[in-house]
Amino acid sequence: MFSEYECDIIEKGIDISWTTWGKMRDSTLNLGEVCYVKSDNNEGPERIFKIRFCGEDIDEKIMKMISYIKAGIMPHSMLITPNTTPINLAEILAKKGFSIDDSDPCMMLELDDFNCQENLNEDIAVLKLEKDELLPEWVKIVNEGLFGCELITVDQFMDVFALGNVYFYIGLLNNIPASACMTITDNDTSVLEMVATLEQYRHKGLATVLINKALDDLKKSGIKTISLRAEKDAVNLYKHLGFKECFKRIVASYDLEKI
């Protein structure tokens with residue numbers, strides 16, 4: 001069972017991530033009872049990432065949100081967490097035809113409990129990007145290894161790179177760039193994002209070494225906690241690094257053909 005503290009840390013990580021994506025060019029960040037990032041050209045990252053409906057007209061607000069989703073004003077998918085209100089929103093949306101996916105967990109780690117493991121594989125090296133020369137290679141790895149398409153452009157990540165609280169890492173196997181990740185910090189907490197390894201280089205220890213370096217840098221800089229939203233096939237990797245599985249991330253998606 002997760003604690004309120006753990007839930008709040010993960011919610012903060014979600015906010016950190018999506019407010020960062022909202023600073024990319026061709027993206028619009030909207031904050032309010034419904035917080036979301038919308039791609040201006042329908043080609044970048046977009047999602048409703050926080051919903052806090054309150055008052056006596058909640059049903060009306062939900063129907064208005066759905067109408068905006070149908071009209072393309074709001075993204076077609078949303079994150080639902082234990083802090084979402086109303087607390088039964090996933091059930092309400094399921095009855096209205098939304099698909100519900102709760103297969104992937106949210107996880108967190110207290111960095112005081114993290115013990116950096118020495119990299120004993122001489123074939124693997126990790127670079128922290130201090131300049132943007134390798135950013136196109138980093139973006140290529142993320143788009144190919146994580147999304148399977150060109151979801152986010154180099155120019156968009158250039159906007160993120162310039163923010164000052166974002167740190168990019170590339171993992172190399174025999175000097176070949178093959179793995180990538182990034183961390184985003186806010187005060188004493190952080191979030192791990194865009195973990196990707198090219199398919200032909202997976203299961204060789206790259207991601208473990210890469211994330212280990214990113215976490216060690218955070219701990220040395222005084223960051224206290226880090227969170228992430230895991231894909232189910234990477235849960236064991238994160239547990240090996242010390243992350244705790246807290247609760248399932250629910251994604252509710254609108255399907256035009258079904259609704």
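In case you missed it, the structure is sitting above this.
Residues numbered from 1 in each chain as written. Predicted model: local features only at pLDDT ≥ 70, side-chain atom pairs only at ≥ 80, totals over all residues. Heavy atoms only, no water.

K.L.:
Looking at this structure, how should I read helix 5 (residues 154-161)?
P.N.:
It helps to recall that an α-helix has 3.6 residues per turn; residues three or four apart then point in one direction. Those residues of helix 5 not exposed but buried are Gln 156, Phe 157, Asp 159, Val 160 and Phe 161. Each element contacted by the buried residues of helix 5 is listed here: helix 1 (4-21), strand 1 (27-30), helix 4 (135-147), strand 7 (166-173), strand 8 (176-186) and strand 9 (189-197). (Buried < 20%, exposed > 50% of the residue type's maximum accessible area, 1.4 Å probe, protein only. Helix = DSSP H or I, 4+ residues; strand = E, 2+ residues; numbered from the N terminus. Contact = heavy atoms within 4.5 Å.)

K.L.:
I'm lost on the packing of aromatic side chains in this one. Help?
P.N.:
Two aromatic rings, taken as a pair, are described by how far apart their centres are and by the angle between their planes. Overall, the coordinates contain 8 aromatic pairs when judged by the stated rule. Aromatic pair Phe 98 and Tyr 254: ring centres 5.9 Å apart, planes at 55°, arrangement tilted. You can see Phe 98 sitting in the loop between helix 3 (89-95) and strand 5 (99-110) and its partner Tyr 254 sitting in the segment after strand 11 (244-253), a full 156 residues away along the chain. The residues Phe 98 and Tyr 254 share a single accessibility class, namely buried. Between Phe 157 and Phe 168, the aromatic rings sit 6.1 Å apart at their centres with planes inclined by 85°, giving edge-to-face as the arrangement. Taken together, the residues span a long stretch of sequence, with Phe 157 in helix 5 and Phe 168 in strand 7 at a distance of 11 residues. A relative accessible area of 0% means that Phe 168 is categorised as buried. Among the aromatic residues, ring-to-ring pairing joins Trp 21, Trp 138, Phe 157, Phe 161 and Phe 168 into one connected group. (Phe/Tyr/Trp six-rings, centres within 6.5 Å; stacked < 30°, edge-to-face > 60°.)

K.L.:
Help me understand the pattern of salt bridges in this model?
P.N.:
Close approach of charged atoms lets side chains of opposite charge pair. Summed over all chains, the structure comprises 15 salt bridges. Residue Glu 91 pairs with Lys 95 through a salt bridge whose shortest N-O separation is 3.5 Å. Of the two residues, Glu 91 and Lys 95 both sit in helix 3, 4 residues apart, roughly one turn of that helix. With relative accessibility at 47%, the residue Glu 91 sits in the partly exposed group. You can call Lys 95 exposed: its relative accessible area is 68%. Where Lys 248 meets Glu 245, a salt bridge forms, and the shortest distance between an N and an O atom there is 3.3 Å. Taken together, the shared-partner salt bridges connect Glu 33, Asp 57 and Lys 61 into one network. (Salt bridge = Lys/Arg side-chain N within 4 Å of Asp/Glu carboxyl O.)

K.L.:
Would you mind showing me how to read unusual backbone geometry here?
P.N.:
Note: most peptide bonds trans; most residues except glycine with negative phi. Residues Thr 85 and Pro 86 are joined by a peptide bond in cis, for which omega reads 5°. Within the fold, Pro 86 resides in the loop between strand 4 (77-80) and helix 3. Even without glycine at this site, Asn 175 takes up a positive phi of about 70°. Tracing the backbone shows Asn 175 in the loop between strand 7 and strand 8.

K.L.:
Before we go on, may I ask you to explain the pairing of strand 7 in this structure?
P.N.:
On a regular strand, each side chain points to the face opposite its neighbour's, so the side chains alternate between the two faces of the sheet. Within strand 7, 7 of the 8 residues are buried, which leaves it mostly tucked inside the rest of the structure. With 8 bridges joining them, strand 7 and strand 8 adopt antiparallel strand pairing. Across the sheet, Leu 173 pairs through a bridge with Ile 176, a residue of strand 8. (Pairing = 2+ DSSP bridges.)

K.L.:
Is there a simple way to explain a negative patch on the surface in this structure?
P.N.:
Judged by side-chain charge, Asp 26, Asp 40, Glu 43, Glu 150 and Asp 155 come together as a negatively charged surface patch. With respect to the element layout, Glu 150 can be found in the loop between helix 4 and helix 5. You can call Glu 150 exposed: its relative accessible area is 63%. (Patch = residues over 30% accessible without salt bridge, like charges linked within 9 Å, V, L, I, M, F, W, Y side chains within 5 Å. Areas by Shrake-Rupley, 256 points an atom, 1.4 Å probe, with all protein chains shown as cover. Lys, Arg positive; Asp, Glu negative; His and termini not counted. Charge placed at Lys NZ, Arg CZ, Asp CG, Glu CD.)

K.L.:
What is the right way to look at the environment of Asn 165 in this model?
P.N.:
Mapped onto the secondary structure, Asn 165 falls in the loop between helix 5 and strand 7. Taking the relative accessible area as the measure of exposure, Asn 165 reaches 24% and is therefore partly exposed. With 50 residues separating them in the primary sequence, Asn 165 and Leu 215 have C-alpha atoms 14 Å apart. Here Asn 165 is in contact with Thr 183, Ile 184 and Thr 185, once residues within four sequence places are set aside. At 2.8 Å, the side chain of Asn 165 forms a polar contact with the backbone oxygen of Thr 185. (Polar contact = N/O pair within 3.5 Å; in protein donor to acceptor, adjacent residues only side chain to side chain.)

K.L.:
I would appreciate a short explanation of the pairing of strand 5 in the present structure.
P.N.:
Sheet topology note: the strand 5/strand 11 ladder contains 8 bridges and is antiparallel. In the sheet register, Asp 104 faces strand 11, and the bridge partner there is Arg 249. As paired strands, strand 5 and strand 10 (residues 225-229) are joined by 5 bridges and run antiparallel to one another. Within strand 10, the position partnered with Met 108 by the bridge is Ser 227.

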